[in-house]
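So the chains spell out like this:
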Amino acid sequence: MSALAPLTGADAFLLAMEHLMLRHGQGQHLGFTQVRLGPGFDLKRFREACARVASVSPLATARVEQPLFQIPRWRIGDETPSFPIQVHEPNTDPASLGEARLNTPTDRNLSFDVIPQPDGGTTLLVCWRHLVLDGKGIELLLAEIARLAADPAAEPRTQSWGVVGERSLPWREFLGEMERFKNRFYENAAYKIGALSGSEPKPGRALCEVVKFSAEETAQISALAAAVSRGVFQLAWFLAAVTRAHRAVFLHRGSEPESYQTGCPVQQRKRGTRHPIWQNQVSQLFFRLLPAEATDLAKAAEILQEQFATQTRERLDLAFSSMASILRRLPTPWYLRFLRSNSGGYITSFFYSHTGNFLPECDTLAGAPVLEGWHVPSISAPPGTGLFFSERSGALTATLSWREGVLTDEERALLWKSLREDLLGS
Amino acid sequence: MTDELAAQLLARIRADLVETEPSFGIDDDLFAAGLDSMAIMQLTLLLEEDFAAKLPDRLIKRETFTTARRIADALRETRGS
């Protein structure tokens, strides 16, 4: 039986981004999650658990419909739901496979690749359409699969597919939120921004590079972050380092934008929750640094921290969420035009997120210990680059995602050098 | 030891910020339960609005937010100072 559900505000934003990507030869908006498992992976139990989740979830069959001037919606198909699972030869390189997945058109919302490792461990790749769920959603999906794999008699959760972002507000409060969002929006729009791709979309493959920091390096990074952020507000510190890494490339090119601006995703799920899994359940806060503010890491972090505090006090995450709900009614090309026309075409200076501890819900998955993992979303150009962080077992992972042609090898090395120097204080 | 303020705080944290097991108590680790930068920022706002206490800078540190009891201690210290 078919069913319908409205896209969340974040889904609709991503639909606009995917529209840009598809129109300009950049492929679908896909991501992959790589999980390294120790010995003991039980493929049969994993397959069974995946089948049980697929049977009760909309993840496998949901498709977007967009009636004119109505909120676009998911139609949940009535075909038999399943997640494809492909098992590969042990000599398959997971990074190359992941990158290939980002660049291969697919009609599947989710698929798994299982790569046995010579040391008896297993690497698991989950390829996902970003329209269908966010990075936290993927972790919650893996946690649900792990729960079912650990207990074949357990019932799959059927209540995990709702929406947390929908709120019903009195008009006065709603207008107040719109006013706060508008004020912030125009305050930022007064500054021109730039992105490393330039403002015009160009075709190109999605490329990525993952850098792992050791536990010792991560401890050093945490100590440095704590000294600036008092151990509680690391968001601003990482964002400052990411901005400065991009700035290093701009300076190398010999020109600098009037400002660096980016949105930072804010989870709308409660912390520690196991659902909802489906759909993008995030809002955003918006940050801005001027070149003169980015010359020193601590100073930049302090400025971003103030913006973080102000926006939290004004509940701009909720205000943006309300605005995104309204914008859902725009036909996608108009939505995209709105995003681009208010940013000189750039949309944002770069993408950034720190998803915190990777898969904290799970010690094991289908009998194998979870050793490490990270997410790699493909990104649009503009802006052409994104830096994403997560941690597992006290070790930080940074992922650079970029569009072919946006960064030279020299610029990429420069970006990593700046980031490492800032994070490690060297 | 019973701490009514800590229990009250934990109830608010559970209602708005962090989903925990029913057995989660005022001495259990909030960071292990998922407390992050954004949630701490929202928590400091909640303390101002619902408990009429603006924590001084010296108390804005990781240790303060480890458990509901520690947050309650910081609140009492703030109100007493």
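Preceding block: the structure.
Note that this is a predicted model, so its numbers are computed, not measured.

The rules behind the values
Residues numbered from 1 in each chain as written. Chains lettered and ligands numbered in written order. Predicted model: local features only at pLDDT ≥ 70, side-chain atom pairs only at ≥ 80, totals over all residues. Helix = DSSP H or I, 4+ residues; strand = E, 2+ residues; numbered from the N terminus. Pairing = 2+ DSSP bridges. Axes fitted to C-alpha atoms, helices over the stretch in contact; angles between N-to-C directions. Contact = placed C-beta atoms within 7 Å.

Turning our eyes to something else, we now look at unusual backbone geometry. All names here are of chain A. Cis geometry marks the peptide bond from A381 to P382; its omega dihedral reads 5°. Mapped onto the elements of the fold, P382 is located in the loop between β13 (368-377) and β14 (385-392). Of the consecutive residues P382 and P383, the connecting peptide bond is found in the cis state with omega at 10°. With a phi angle near 60°, F69 is a residue other than glycine that sits in the positive phi range. For F69, the position within the fold is in the loop between β3 (62-65) and β4 (73-76). Its identity is not glycine, yet Q279 carries a phi of approximately 70°, on the positive side. By the element assignment, Q279 lies in the loop between β9 (260-267) and β10 (282-289).

Residues and elements named next belong to chain A. Strand order in the open sheet formed by four strands is β8-β15-β14-β11, with mixed pairing between adjacent strands. Lying at the two open borders of the sheet, with one neighbouring strand each, are β8 (206-212) and β11 (351-357). Pairwise comparison of adjacent strand axes, ignoring direction, gives a mean angle of 15° for this sheet. With seven bridges connecting them, β8 and strand β15 (residues 395-403) associate as antiparallel partners. Paired with C208 across the two strands is S401, which belongs to β15.

So, about the interface of chain A and chain B. At the junction of the two partners, chain A supplies 16 residues and chain B supplies 19 residues. Secondary structure elements with two or more residues in the side of chain A that touches chain B: α7 (234-253) and α8 (297-313) of chain A. The leading source of residues in the side of chain A that touches chain B is α8 of chain A, at four residues.

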